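Close look at the chain arrangement
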Amino acid sequence: MQAVLDPLGMPLATDVVSGERADDPLYMPCIARVQASVGRHGLLYVGDCKMASRDTRARIAAAGDFTCAPCLRCS
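The structure reproduced in this document is the subject of the present report. Every value quoted in this text rests on a predicted model; they were computed, and no experiment measured them. (Residues numbered from 1 in each chain as written. Predicted model: local features only at pLDDT ≥ 70, side-chain atom pairs only at ≥ 80, totals over all residues. Heavy atoms only, no water.)

1. A short note on the side chain of Q35
- Take Q35: it is sitting in helix 1 (residues 27–38).
- Overall, Q35 belongs to the buried group, its relative accessible area being 19%.
- A polar contact of 2.8 Å, which involves the side chain of Q35, links it to the side chain of D65.
- Beyond its immediate stretch of four places on either side in the chain, Q35 contacts R40, Y45, A63 and D65. (Helix = DSSP H or I, 4+ residues; strand = E, 2+ residues; numbered from the N terminus. Buried < 20%, exposed > 50% of the residue type's maximum accessible area, 1.4 Å probe, protein only. Polar contact = N/O pair within 3.5 Å; in protein donor to acceptor, adjacent residues only side chain to side chain. Contact = heavy atoms within 4.5 Å.)

2. Details of helix 1
- Over its twelve residues, helix 1 extends 16 Å from the first C-alpha to the last, a length consistent with the 16 Å expected when each residue adds 1.5 Å.
- Residues of helix 1 that are buried include every one of Y27, M28, C30, I31, V34 and Q35, and no others. Along the axis of helix 1, the buried residues cluster in a sector spanning 160°; they form a single face.
- The inward-facing, buried residues of helix 1 abut strand 1 (2–5), strand 2 (10–14), strand 3 (44–46) and helix 2 (54–62). (Expected span 1.5 Å × (residues − 1). Arc of directions from axis to C-beta.)

Purely spatial values, then, with no claim about function.
Next up, the structure:
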């Protein structure tokens, strides 16, 4: 997982983990490190469908930031 500053592509946070772990719980610690290092709100986080979980999106929105990720239809 890597968080980069766009359009420069400058890395802000990088996590390398073994492949047998679920990546869902890895988003918020990485995002928290980015929020602490950047020190401002209104950032856009772009991720895959696992970042689109309701909990992750709610926590990002509560911090004053935004998300862009494919959402799955809930029934």
